[in-house]
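Structure assessment
In case you want the letters, here they are:
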Amino acid sequence: MSKPAAKRHYPTPALEKGLDILELFASIPGGLTVSEVARLLNRTVSEIFRMLLCLEQRGYLTQSENRERYHLTLRLCRLAQEHPPTKRLVIEALPIMHGVAHELRQSCHMGVVDGGHIVILVQVDSPESTGFYVKMGSKVDLMHAATGHVILAHQSEDAYQHVLDEWSNETKKRKPADLGAHLAKIRRRGYESRASYEIKGVVNISFPILNAQGNAVAGLTVPYVKRSEDKVGIPDIVEALRVASQHISEMLGAVPMPKKHPHLAKEKI
């Protein structure tokens, strides 16, 4: 048996330094000074200053009014949304999501996998004055998100393992012992419905958005909050999301799902 080819690595110090800076700023919403960036990345102030100046000129960073701190701009978010597959997903999903929010009087959002996290790609507010929503651009640990579980449950073996490896590398954690059984349950019923991992009183209901191969590219989620006068309940949300997710999936090329889709019947992960 031939040995697998070793991964090629060509050192690119400047590029790696720039990416380190962007990833650092993405994890600290309050912004950073030049000296703080240098300390956290174990670099000299002079080399960090040149990189920050370049990133500011390219529109990835901006300075605060007192010019003491740098902050990440929305340029990276705009680039992600302009990526053709992502842009098409947002264009197809947004009108349907507005319909869901109007019908259910609840907010809804769509998330995608990014490394070991779920990133909220697009979000629509509830038309009511009160409610709960997740901010667009937010990042949530893959294992603490209904959206993440519903995506994992509808992946091929290779894609599932790749995502899990990235999550383990980023978090330095082992996968939950009951993960396989939990994902199998999601596949059987076709969606996830469970209390929020982080917010009491919120029930997250999430359906997969499937591509032409039957694999999930995103998750469509309603973070349900019960109001005292609500007439819409969880069964209504499940049905509305089922229809909406199938509609979006079909627009992306997925085969219309029968009562029991073959992909949902697959038990092994």
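Keep in mind the model is a prediction, meaning the values are calculated, not measured.

For strand 4 (residues 117–124), the buried fraction is high: 7 of the 8 residues fall into the buried class. As paired elements, strand 3 (residues 108–114) and strand 4 share 7 bridges and run antiparallel to each other. Bridge pairing links V112 to V119 in strand 4. As consecutive antiparallel partners, strand 3 and strand 4 are separated by 2 residues, and within that stretch G115 has a phi angle of approximately 65°, a positive value. Relative to strand 5 (residues 139–141), strand 4 runs antiparallel, the two sharing 3 bridges. Pairing of H117 across the sheet is with D141, part of strand 5.

For the rest of this paragraph, the subject is the nonpolar core. Counting residues in hydrophobic clusters, the biggest one holds 30 residues, and the most contacted among them are L89 and M110. Take this core: its biggest share by element is 8 residues, from helix 5 (residues 84–104). Apart from the residues within four sequence positions on either side, L89 is in contact with M110, V112, L121, I209, A218, I248 and L252. The next biggest cluster of nonpolar side chains, apart from the first, holds 21 residues, and it includes L164, W167, L179 and L210.

Turning to the packing of helix 1 (residues 13–26) against helix 3 (residues 45–57), a few remarks are in order. Here helix 1 crosses helix 3 at 75°, and the two axes come no closer than 11 Å. Here helix 1 is positioned roughly perpendicular relative to helix 3, judged by the angle of their axes. In this structure, helix 1 uses A14, K17, G18, I21, L22 and F25 to contact helix 3, whose residues at the interface are E47, I48, M51, L52 and L55. Classifying every residue of the contact of helix 1 with helix 3 gives 8 nonpolar, 1 polar and 2 charged.

Our focus in this paragraph is the confidence of the model for the protein. For the protein, per-residue confidence averages 85 on the pLDDT scale, and residues scoring 70 or more make up 88% of the total. Between the elements of the protein, mean pLDDT differs from a low of 38, seen in helix 10 (residues 262–265), to a high of 96, seen in strand 7 (residues 203–210). Note that pLDDT drops below 50 for residues 1–5; the model gives that stretch 0 contacts with residues more than four away or on any other chain. When the criterion is pLDDT under 50, residues 259–269 qualifies, and its contacts beyond four places in sequence or with other chains add up to 24 contacts.

Let's shift gears to the pattern of salt bridges. Pairs can form between side chains of opposite charge whenever their charged atoms are close. Under the criterion given, the structure shown has 8 salt bridges. Between R43 and E47 there is a salt bridge, and its shortest N-O distance comes to 3.9 Å. For R43, a relative accessible area of 31% gives the class partly exposed. Among the charged side chains, a network of salt bridges with common partners joins K17, R43 and E47.

This brings us to the side chain of Q106. Relative to the helices and strands, Q106 resides in the loop between helix 5 and strand 3. Here Q106 is in contact with A101, S126, V222, P223, Y224, V225, R227, D230 and I237, once residues within four sequence places are set aside.

This part takes up the environment of R227. Within the element layout of this structure, R227 appears in the loop between strand 8 (216–224) and helix 9 (234–251). The exposure class of R227 is buried, given its relative accessible area of 15%. On a C-alpha basis, the gap between R227 and G131 in space is 8.2 Å, while along the polypeptide they are 96 residues apart. Discounting residues that sit within four places of it in the chain, R227 has contacts with R105, Q106, S126, E128, T130 and G131. Polar contacts involving the side chain of R227 include one to the main-chain carbonyl oxygen of R105, which spans 2.9 Å.

Conventions adopted
Residues numbered from 1 in each chain as written. Predicted model: local features only at pLDDT ≥ 70, side-chain atom pairs only at ≥ 80, totals over all residues. Heavy atoms only, no water. Buried < 20%, exposed > 50% of the residue type's maximum accessible area, 1.4 Å probe, protein only. Helix = DSSP H or I, 4+ residues; strand = E, 2+ residues; numbered from the N terminus. Pairing = 2+ DSSP bridges. Core = buried A, V, L, I, M, F, W, Y, C linked by side-chain atoms within 4.5 Å. Contact = heavy atoms within 4.5 Å. Axes fitted to C-alpha atoms, helices over the stretch in contact; angles between N-to-C directions. Parallel < 35°, antiparallel > 145°, perpendicular 65-115°, else oblique. Nonpolar A, V, L, I, M, F, W, Y, C, P; charged D, E, K, R; others polar. pLDDT = per-residue confidence, 0-100. Salt bridge = Lys/Arg side-chain N within 4 Å of Asp/Glu carboxyl O. Polar contact = N/O pair within 3.5 Å; in protein donor to acceptor, adjacent residues only side chain to side chain.

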